[in-house]
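Coordinates in review
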Amino acid sequence: MRTVANLIADRRDGIVQPYDDFVQLSSGAAGGTIPDYQLAAWLMAAYLKPLTLQETIDLTRAMAESGDKLDLRALPLPHVDKHSTGGVGDKATLIVLPILAASGVTCVKMSGRGLGITGGTIDKLESVPGFNTSLSPLQMVEQANRIGIALSGQSPALAPADKALYSLRDVTQTVGSVPLIVSSILSKKLAGGSKTIVLDVKCGSGAFMTGLKEARLLSNWLIQVGQALGLDCRVAISDMDQPLGAVGNALEVRQARKILSGEWVDPGTARVRELCLLLAGEALWAAGLCGDASEGYGKAQECLETGLAFKKASAWFAAQGGSLDAELPTAPNMMVLRATCSGWVSRIEAETVGRVVVNLGGGRMVKSDVIDPSVGVEVHRPVGEKVSVGDALFTIHSRDLAGLEEARKTLLSSIVVQEQPCGSPPLILDHDVSTF
Ligand code: URA
């Protein structure tokens, strides 16, 4: 076996690494036998000297094999997994999974924590008192068999190498690398056992891929690496130039609950709902339960409107020790920011809103940071909406007054209200794989 210092030096010098190197790195990361400083050095070298496509396939396989793989053969078909590349306010999983399960799809999913300014489903679910985000492989399969959904974070059993590398990438500025994102996502998908995956590739200022060209590149790699490893990956590239509704862990669970329960929704929440229906439509199509994505959209909408998705979400939360009706943590300080002029919202910078929420305590600056689930920002008016003087634009939730003031100043710089009407940008920017 080579020394870890040699593995780092080869990466630094751009020497193509063999599969065995990735097995050594992945098992060392998973077992804790390679110290964080060496893993972080290798990650930075990999960020600067990106892995080739073949190396990415090899790293993905090695990371997936760092733990167990779920065997879904005993579960009712079809099986579909859904994953997002990460965005600001992206709580779509909390709504899409119950829609799919209520439509007869078995969803077994591994999710991650927040990464950089982007939130993670595990952090969101942990804002629900009692919610267990660490299921064993056996528990996942048993639960999915019983109710059609099981969701867990990376664990010592499933893709443990990703758990170690993911948290280091979060705090070493090595997130935005296509090969590292691809191996992180697809190693979890391989370990999760579903062969059909719907990938929501986020594009815009609040995503790792800020432009369509890069988002298409990431999509293309996800499809190619997936294919090489026996996965059928369907990609939708979605807009992340503005936040997807509320941002902050408990606030996002509340917004998801609102959508699932069919309450009246404000324009910001309506936009989240629409994206969820589009993604669910893609997934139902990928599952073979309808002829195309628009038929899938209709099915998904029916599922939401008849309350079937709500019932499924309630069963899911209960199965993992939580409750969909649970009282969620609230921050002691709130401030509503209102429009000081009339016009149309033409920009809300997702990256800035994401940073505000991290600074409020809703994300991590260093690996050991403990997240405050109660803090965040509600975004009331999406881009394209007309506003009048006095209309609420944002509500800030903070644990202290200093945080409120700092957030206020930064948020005011993140939004533009213009005099002329402007349309709302499309939610899905591209989803025809053949065009990549
Ligand atoms: N989601 C993941 O699981 N991993 C990444 O690297 C980015 C988004």
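The preceding data block contains the structure.
Below is a summary of the structure that appears in this document.

With 75 residues, the main nonpolar core has Ile95, Ile99, Trp316, Val377 and Phe394 as its most contacted residues. Here this core gets 9 residues from one element, more than from any other, and that element is helix α12 (residues 267-286). When residues no more than four places from it in sequence are discounted, the contact partners of Phe394 are Met335, Val336, Leu337, Ile348, Val377, Glu378, Val379, His380, Leu411, Ser414 and Ile415. Counting residues in each nonpolar core, the second largest holds 24 residues, with Ile57, Ala64, Ile223 and Val225 among its members.

Locating Lys91 in the fold gives a position in the loop between β1 (80-84) and α5 (92-102). The charged side chain of Lys91 is buried without a salt bridge, its nearest counter-charge being Glu252 at 4.1 Å. Separated by 2.8 Å, the side chains of Lys91 and Gln255 make a polar contact. Non-local contacts of Lys91, meaning those with residues more than four positions away in its chain, are made with Lys124, Leu244, Gly245, Ala246, Glu252, Gln255, Ala256 and Val272.

Direction vectors running N to C along α12 and helix α13 (residues 293-305) enclose 120°, while the axes themselves pass 7 Å from each other. Relative to α13, the element α12 is oriented oblique. Where α12 crosses over α13, the two elements pack in a sense that is right-handed. Where α12 approaches α13, its residues Arg273, Glu274, Leu277, Leu278, Ala280, Gly281, Glu282, Leu284 and Trp285 are matched on the opposing element by Ala293, Gly296, Tyr297, Lys299, Ala300, Gln301, Leu304 and Glu305.

Cut-offs and rules
Residues numbered from 1 in each chain as written. Predicted model: local features only at pLDDT ≥ 70, side-chain atom pairs only at ≥ 80, totals over all residues. Heavy atoms only, no water. Core = buried A, V, L, I, M, F, W, Y, C linked by side-chain atoms within 4.5 Å. Buried < 20%, exposed > 50% of the residue type's maximum accessible area, 1.4 Å probe, protein only. Helix = DSSP H or I, 4+ residues; strand = E, 2+ residues; numbered from the N terminus. Contact = heavy atoms within 4.5 Å. Lys, Arg positive; Asp, Glu negative; His and termini not counted. Salt bridge = Lys/Arg side-chain N within 4 Å of Asp/Glu carboxyl O. Polar contact = N/O pair within 3.5 Å; in protein donor to acceptor, adjacent residues only side chain to side chain. Axes fitted to C-alpha atoms, helices over the stretch in contact; angles between N-to-C directions. Parallel < 35°, antiparallel > 145°, perpendicular 65-115°, else oblique. Left-handed = near helix turned anticlockwise from the far one by under 90°.

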